[in-house]
Amino acid sequence: MAKVLVFIDNPGAAVKKSYLELLTLARSLGEGAVALNGELSDGVAAAFAEYGVNTVVRPSAQDLDDFLVAPKAAYVAAAAETTGAGIVLLDNSPEGKEIAARVGIRLNAGVITDVVAVDADGTAHKSVLAGSYNTACRAKTPVSVVTLKANNVAAEPAPVPSTPETVTVEVPAGSTAAAARITAREQKVASGRPDLTDARIVVAGGRGLDGDFGPVEELADALGAAVGASRAATDAGWISHDAQVGQTGKTVSPQLYISAGISGAIQQKAGMQTSKVIVAVNKDAESPVFEIADFGIIGDVFDVLPQATAEIKKRKG
Amino acid sequence: MKIIVLVKHVPDAQFDRHLNGEGYTTDRDESILSELDEYALEAALQLAEARGGSKAGNQVIALSMGPSGAVNAIKKALQIGATEGVHLTDDALSGSDAAATSLALAAAVRYLGQSSTVDLVITGMASTDGETSLVPAQLAERLDLPQVTFASSLEVSGGRLTARRDADTSSETVEAPLPAVVSVTDQINEPRYPNFKGIIAAKRKSITTLSLADIGVEPAQVGFAGSWTAVTNAEERPPRTAGTIITDEGDAGIKLVDFLAAQKLL
């Protein structure tokens, strides 16, 4: 049976959904091990058992977070060698992809990013060129490294919980020598909303909001959604750059994407084309976003969104 | 300073893009300089200009790997202000994945460092075609250099670089000794356009062509043969078709909620 290693970085008190999706995929491909960075809290240990993890690997060094990417990659590669993993799974965040990139070079392993599904034989599926093609790809190497996009695997606990054993892996000496050091870190204020890349629902606003994201935020909160934005809106300073969806921002593939006051230029479409259901609200009937919307409303976002928010609250009681 | 900027010739995202032929590679007709590379070039030019520009011996070398058309990305970089261009081109490179691309680019950077040390390699945050973001990290790993990715600001002094980068939950300040590899985001600057003077000046700038033999890479190490991944199938997705479009008559918000309820999305 194939050995599969999942990298989980600083989960804190509870394992977030996108990592549970990785653990679920790992179990479908073989025997799952976790390479953990950060503390193994009780909640995290319980989740590992619940999801059938066999082995939890921990690093010998505690200072991996003081450096950018390189030492974490060295650790993950060492953990893959120790556990004999044939597949290494990481999340599809920018950092996840960079760690994957370096792990690939260290293990002479092919790396496939933006993956939405992996077959039992290791074939990975992804969509490319702004969602215009679905491709299947394979690593030709004995080990493969895959980064999985959130919301594509349903997180499910194992039929029978496991009792994971814990092993420590030596972080290769010298992996910090040629690494960039993080000298200061400012925590961002948590919005309390889901992460944009992991969210099941995204409500995104653009130029049509004219500086007022209130209606988008209120609808998002009624739906338990994340807030996104077009580049025009982030460049105008109406909302943080973190919220940008699109070619130079975040790529999202939620169950539902609500586009409000966004025309839907190609760069915007590139970031949300693979959403399951797309709803668009825009005053301009000629907006390109209407060409791809499952449900489009030609109307004023300041009328439509608050009415929808009130109606959702009413129905949810 | 000697700075190498990686520039890529990519299909224009404004048009339909296609995968063709062996290994489903990207059709490169109608290609342009990757928009995200302009930020890397601008960052390099600003660093060079702050040190007296080319007159003071600062070099900004635009390096591109790709078929003959890739020279257009280099020419554009020269028009914008790069001091020289290098075109790594070889039939055997066709079909290279990120691992093979980073191997060839690492060899090219080493080759360009023979005459004098390369201080910085600057790249964009991703290409606008493959969009894997793998190459900068793999290049740094292969060259065993410190790497700062997704920099939204960049300063260099006393042989060290300091950069800011935005992660999802925090903003970080990062330091590394030179030489280093840096990838920059579209937040770092406002790229300049080529002006008439730049376009005329570019005609006098040299473009060096390198083959695999020049940089000491075997054909089997790159291209389809040397890649560690292979695309085994590609299917054009049926374009998303428009669904129901309504005009607001005072109740569109309620109809929107009806739609969400019918889709079981509430």
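Please read these numbers as outputs of a predicted model, since none were measured by experiment.

Draft legend 1. Expanded view of the interface of chain A and chain B. In this assembly, 85 residues from chain A lie in contact with 80 residues from chain B. The interface formed by chain A and chain B includes 8 salt bridges. For A:Arg106, the salt bridge identified is with B:Glu141, shortest N-O distance 3.0 Å. Counting the contacts that link chain A with chain B gives 30 residue pairs in polar contact (both at pLDDT 80 or more). Sorting elements by how many residues they give to the side of chain A that touches chain B places helix α4 (residues 94-107) of chain A first, with 9 residues. As judged from the 6 bridges shared by strand β10 (residues 181-187) of chain A and strand β11 (residues 170-177) of chain B, these two strands associate in the antiparallel manner. Across the sheet, A:Glu186 pairs through a bridge with B:Ser171, a residue of β11(B).

Draft legend 2. Fine view of helix α5 (residues 214-223) of chain A. The buried fraction of α5(A) amounts to 7 of the 10 residues, a majority that puts the element mostly inside the structure. Within the span of α5(A), buried status applies to A:Gly214, A:Pro215, A:Val216, A:Leu219, A:Ala220, A:Ala222 and A:Leu223. Buried residues along α5(A) sit in contact with β11 (201-205), β12 (226-229), β13 (256-260) and α8 (301-316) of chain A together with α8 (252-262) of chain B. Trailing α5(A) by a residue or two, A:Gly224 shows a phi angle of about 65 degrees, which is positive.

Draft legend 3. Quick look at helix α1 (residues 17-29) of chain A. Residue and element names in this part refer to chain A. Taking 1.5 Å as the rise per residue, α1 with 13 residues should run 18 Å; its terminal C-alpha atoms sit 19 Å apart, in good agreement. Burial within α1 is extensive, with 10 of its 13 residues counted as buried. Among the residues of α1, those classed as buried are Ser18, Tyr19, Leu20, Glu21, Leu22, Leu23, Thr24, Leu25, Ala26 and Leu29. Tucked inside the fold, the buried residues of α1 contact β1 (3-9), β2 (31-37), α2 (42-50), β4 (87-91), β5 (110-118) and β8 (144-148).

Criteria and cut-off values
Residues numbered from 1 in each chain as written. Chains lettered and ligands numbered in written order. Predicted model: local features only at pLDDT ≥ 70, side-chain atom pairs only at ≥ 80, totals over all residues. Heavy atoms only, no water. Contact = heavy atoms within 4.5 Å. Salt bridge = Lys/Arg side-chain N within 4 Å of Asp/Glu carboxyl O. Polar contact = N/O pair within 3.5 Å; in protein donor to acceptor, adjacent residues only side chain to side chain. Helix = DSSP H or I, 4+ residues; strand = E, 2+ residues; numbered from the N terminus. Pairing = 2+ DSSP bridges. Buried < 20%, exposed > 50% of the residue type's maximum accessible area, 1.4 Å probe, protein only. Expected span 1.5 Å × (residues − 1).

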